[in-house]
Amino acid sequence: MHELSICYTIVETLQEVVKENEIEEVEAIVLEIGELSSIVPKYMENCFPCAVDGTLFEKSKLTIEVVEGIGRCKRCGYSYRLLPVEGYCPNCDVKDFDVISGEEFIIKELICF
Ligand SMILES: [Zn+2]
C-alpha cells in the first residue's frame, strides 16, 4: 500500500497550489490515473480521507478518471488495450509493443466554489 504516501504527496502539492492561487475552498480534486500505473484507484479513494484530514481539502470530493492502457504492436502496428490480453497483440499474438497511454498519473483539475 503505497497509495497513502502518494495521497500525502498530492495533498502537499495541492496545498502549494492553493496557497499560490489564494484559493479558499476546493469542491473537488480530479486525478487521472493510467491503468498501467502501479496506483490502484480504489486504494486511493480509501486513503484519501486520512490524507486530507485536518486540511483545506477535508470536504473536497475526490474524482478519479482512469485512463485505459493502450499499446501499439511493433510488428503489425495494431493498437489495443493491454490488460485484457496481458500485452499480447490480438492481431499477431506477439508481446512487443509501445505504450501509447495508461502510464499517467496527473492531478488534472481542482474544482473550486
Ligand atoms: Zn501485432
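Above: the structure in question.
All of the points below concern the structure found in this document. On a predicted model such as this, the values are computed, not experimentally measured, just so you know.

## Quick word on the overall build of the protein
Here is step 1: Secondary structure summary: the protein contains 2 helices and 6 strands in total.
Here is step 2: For the protein, the sequential pattern of α-helices and β-strands runs α-β-α-β-β-β-β-β.
Here is step 3: On C-alpha atoms alone, the protein measures out to a radius of gyration of 17 Å, which is more than a quarter above the 13 Å that the 2.2 N^0.38 rule sets for 113 residues.
Here is step 4: Taking the principal axes of its C-alpha atoms as reference, the protein extends roughly 55 × 25 × 15 Å.
Here is step 5: Within the span of the protein, comprising 113 residues, buried residues form 35% of the whole.
Here is step 6: Residue pairs in contact within the protein that sit at least 24 positions apart in sequence constitute 70% of those at least 6 positions apart.

## Here we look at the pairing of strand E3 (residues 70–73)
The side chains of a regular strand alternate, residue by residue, between the two faces of the sheet.
Here is step 1: Across the two faces of E3 the burial differs, with Gly-71 and Cys-73 buried and Ile-70 and Arg-72 not buried at all.
Here is step 2: Across 3 bridges, the pairing between E3 and strand E4 (residues 79–81) is antiparallel. Bridging across to E4, Arg-72 finds its partner in Ser-79.
Here is step 3: Hairpin connection of E3 to E4: 5 residues between the antiparallel strands, including Gly-77 at a positive phi of 80 degrees.

## Some thoughts on the coordination of the zinc ion
Here is step 1: Every protein donor of the zinc ion is accounted for by Cys-73 (SG), Cys-76 (SG), Cys-89 (SG) and Cys-92 (SG), and the metal-donor separations fall at 2.3 Å.
Here is step 2: Every donor counted, the 4 donor atoms about the zinc ion form angles of 104 to 117 degrees at the centre, which fits tetrahedral coordination.
Here is step 3: Sequence spacing of the donors to the zinc ion: C-x2-C-x12-C-x2-C. Separated by 16 residues along the polypeptide, Cys-76 in the loop between E3 and E4 and Cys-92 in the loop between E4 and strand E5 (97–101) bring together distant segments of the chain.
Here is step 4: A relative accessible area of 36% means that Cys-76 is categorised as partly exposed.
Here is step 5: A residue is classified by how much of its surface remains accessible, and Cys-92, at 24% relative accessible area, is partly exposed.

## Description of the environment of Val-52
Here is step 1: By the secondary structure assignment, Val-52 is in helix H2 (residues 41–52).
Here is step 2: Residue Val-52 is classed as buried on the basis of its relative accessible area of 2%.
Here is step 3: Residues Val-52 and Val-11, 41 residues apart in the sequence, show an inter-C-alpha distance of 6.7 Å.
Here is step 4: Residues within four places of Val-52 in sequence aside, it is in contact with Val-11, Phe-57 and Glu-58.

## Description of the side chain of Glu-32
Here is step 1: Tracing the sequence through the fold places Glu-32 in strand E1 (residues 26–34).
Here is step 2: Overall, the relative accessible area of 17% leaves Glu-32 in the buried class.
Here is step 3: Look past the residues within four positions of Glu-32 in its chain and what remains in contact with it is Glu-65, Val-67, Glu-104, Phe-105, Ile-106 and Lys-108.

Procedures and definitions
Residues numbered from 1 in each chain as written. Predicted model: local features only at pLDDT ≥ 70, side-chain atom pairs only at ≥ 80, totals over all residues. Heavy atoms only, no water. Helix = DSSP H or I, 4+ residues; strand = E, 2+ residues; numbered from the N terminus. Rg over C-alpha atoms; globule rule 2.2 N^0.38 Å. Buried < 20%, exposed > 50% of the residue type's maximum accessible area, 1.4 Å probe, protein only. Contact = heavy atoms within 4.5 Å. Pairing = 2+ DSSP bridges. Donors = N, O, S within 2.8 Å, 3.2 Å for Na, K, Ca; no water. Tetrahedral: all angles 85-135°; square planar, octahedral: opposite > 155°, others 65-115°.

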